[in-house]
Amino acid sequence: MTILQRIAVIGAGAWGAALANVAARAGRDVVLVARDADAADAVRRAGASPHLPDVALDGAIAVAGGIDAVAGADAVLLVVPAQAHGAVAATLAPVLAPGTPVVACAKGIERGTRRFMTDVIAAALPGATPAILSGPSFAADVARGLPTAVTLAAADDAVAVALAHALGTPTFRPYHATDLRGVEIGGAAKNVLAIAVGIVRGRRLGASAAAALTTRGFAELMRFGRAYGARPETLTGLSGLGDLILTCSSRQSRNFSLGIAIGDGLSPGEARQSGLLAEGAFTAPVLVEMAAERNVDMPIAAAVAAVLDGRLGVDQAIAALTTRPFRAEH
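Analysis parameters
- Residues numbered from 1 in each chain as written.
- Predicted model: local features only at pLDDT ≥ 70, side-chain atom pairs only at ≥ 80, totals over all residues.
- Heavy atoms only, no water.
- UniProt positions renumbered as here; feature names shortened; annotations may be inferred.
- Helix = DSSP H or I, 4+ residues; strand = E, 2+ residues; numbered from the N terminus.
- Buried < 20%, exposed > 50% of the residue type's maximum accessible area, 1.4 Å probe, protein only.
- Arc of directions from axis to C-beta.
- Contact = heavy atoms within 4.5 Å.
- Polar contact = N/O pair within 3.5 Å; in protein donor to acceptor, adjacent residues only side chain to side chain.
- Salt bridge = Lys/Arg side-chain N within 4 Å of Asp/Glu carboxyl O.
- Pairing = 2+ DSSP bridges.
- Axes fitted to C-alpha atoms, helices over the stretch in contact; angles between N-to-C directions.
- Domains from an automatic or database assignment.
- Buried area = accessible area lost by both parts, 1.4 Å probe.

Enquirer: Break down the UniProt feature "binding site: substrate" (unreviewed entry) in the protein for me, with residues and values.
Expert: Here the UniProt feature "binding site: substrate" (unreviewed entry) sits at Lys107, Arg254 and Asn255. Look at the named residues: they lie 149 residues apart in sequence, but the longest C-alpha span between them is just 12.3 Å, so in the fold they bunch up. Among the secondary structure elements, Arg254 is positioned in helix α11 (residues 254-263). In this structure Arg254 comes out as exposed when scored by relative accessible area, which is 56%.

Encoded structure:
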């Protein structure tokens, strides 16, 4: 098995800091790359990411402020927002050795191109080996070393196995897989559905309604996944159902919190201005467009997209969902 010893983590936000700690605990040589020299200096002085100030970075982690620090890495974790993956990946081209695994660590679909994250990486870095890490995980839990399990997928099983061994520890368990599309769809779709469940929570419609919406939302995720080539066992695993359960149940989720704020009376614009930025808000319209393209029925995702862009109010969206015709469950 190939040993991936030198790990570069691009992005010094909360999730980047958490994954850098994971790799360091696994005994790897880790460099955490911030957006520029000033940001790197701030992280060094604080000994922590400004987005996760209460959790110290492992002392063995090097912090850098430029892409040159990636040179010589055996694997790269790309830990920036989904909509920035393409631009950031492109900057790696001059320093990345051919065949280097580049792991997408964001959950979304690129707007405009409708590309999934590994396709974004492949387009920006044709010589790289794209991979994806996703699953039920909050940065604060992972950074502190609390038990977490995720899915790590690459088209080549040997690459997926090597990546899982490079990051695996007794408290961070990556299950390796080759179903890139299934892992990507689970992560992207669940963010949109979590906004819907958050709206129900913010509207105080009760736990029964939240459970029903989560379950029916998962049915939408499964339909979309089948239409786009995902394996059912992936969608029912950690990166699909597991991540949906977590994201729809905790305010640590930005998507769930955005939904709560909207359900509680804030407009989508007001919620964003208050700092509630969430990947699902960018993914929702793309997900709905892609579903329509393949005749996939996704009424919950469509309602979220309509609320976010102001075409429907929250109560109108709820009424539209609750007055749909009765039908068989399956």
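What follows picks up the thread again.
Enquirer: Can you explain helix α2 (residues 37-46)? Please cite residues and give values.
Expert: Those residues of α2 not exposed but buried are Ala39, Ala40 and Val43. Viewed along the axis of α2, the buried residues span an arc of 100°, placing them on a single side of the element. In α2, the exposed positions that point more than 90 degrees away from the buried face belong to Asp38 and Arg45. Of the surrounding elements, those touching the buried residues of α2 are β3 (62-64). The backbone nitrogen of Asp38 lies 3.2 Å from a side-chain oxygen of the residue at the head of α2, namely Asp36. One or two positions beyond α2, positive phi appears at Gly47, with a value near 70°.

Enquirer: Talk me through the side chain of Glu184; I want residue IDs and the actual numbers.
Expert: Looking at the secondary structure, you find Glu184 in helix α7 (residues 180-202). When its relative accessible area of 4% is taken as the criterion, Glu184 is described as buried. A polar atom in the side chain of Glu184 sits 3.2 Å from the backbone nitrogen of Met117. Excluding its chain neighbours within four sequence positions, the residues that come into contact with Glu184 are Phe116, Met117, Thr118, Asp119 and Ile132.

Enquirer: Let's hear about the pattern of salt bridges: which residues, and what values?
Expert: Think of it this way: side chains of opposite charge can pair up when their charged atoms draw near. Tallied over the entire structure, the rule returns 13 salt bridges. Between Arg204 and Asp264 there is a salt bridge, with its nearest N and O atoms 2.8 Å apart. Here the residue Arg204 occupies a position in the loop between α7 and α8 (207-227), and Asp264 occupies one in the loop between α11 and α12 (268-273), the gap between them amounting to 60 residues. By relative accessible area, which is 63% here, Arg204 ends up exposed.

Enquirer: Go over the UniProt feature "active site" (unreviewed entry) in the protein with me, naming the residues and quoting the values.
Expert: With numbering aligned to this structure, UniProt lists the feature "active site" (unreviewed entry) at Lys190. On the secondary structure map, Lys190 appears in helix α7. In this structure the side chain of Lys190 is engaged in a polar contact, spanning 2.6 Å, whose partner is the side chain of Asn191.

Enquirer: Break down the sheet that holds strand β5 (residues 101-104) for me, citing the residues and quoting the values.
Expert: An order of β3-β2-β1-β4-β5-β6-β7-β8 is seen for the eight strands of this open sheet, with the pairing classed as mixed. Of all strands in the sheet, those bounded by a partner on one side alone are β3 and β8 (172-177). Here the strands of the sheet are splayed against their neighbours by 25° on average, with no regard to which way each runs. As paired elements, strand β7 (residues 148-154) and β8 share six bridges and run parallel to each other. Within β8, the residue paired with Ala149 across the bridge is Arg173. Against the sheet, helix α1 (residues 14-25) touches β1 (6-10), β2 (29-33), β4 (75-78), β6 (129-134) and β8, its axis set at about 170° to β2.

Enquirer: Lay out the domain arrangement of the protein with the relevant residues and their values.
Expert: For the protein, the assigned domains are domain 1 (6-178) and domain 2 (188-323). Between domain 1 and domain 2, the C-alpha centre-to-centre distance is 26 Å. Residue-level contacts link 23 residues of domain 1 with 22 residues of domain 2. At the boundary of domain 1 with domain 2, total buried surface from both sides reaches about 1,900 Å², with 62% on carbon and sulfur atoms. For the domain 1 face of the interface with domain 2, the top three residues by lost area are Lys107, Arg114 and Phe138, together amounting to 37%. Linking Glu293 and Arg114 is a salt bridge whose minimum nitrogen-to-oxygen distance equals 2.5 Å. Residue assignment for the side of domain 1 that touches domain 2 shows that the elements contributing at least two residues are α5 (139-144) and β7.

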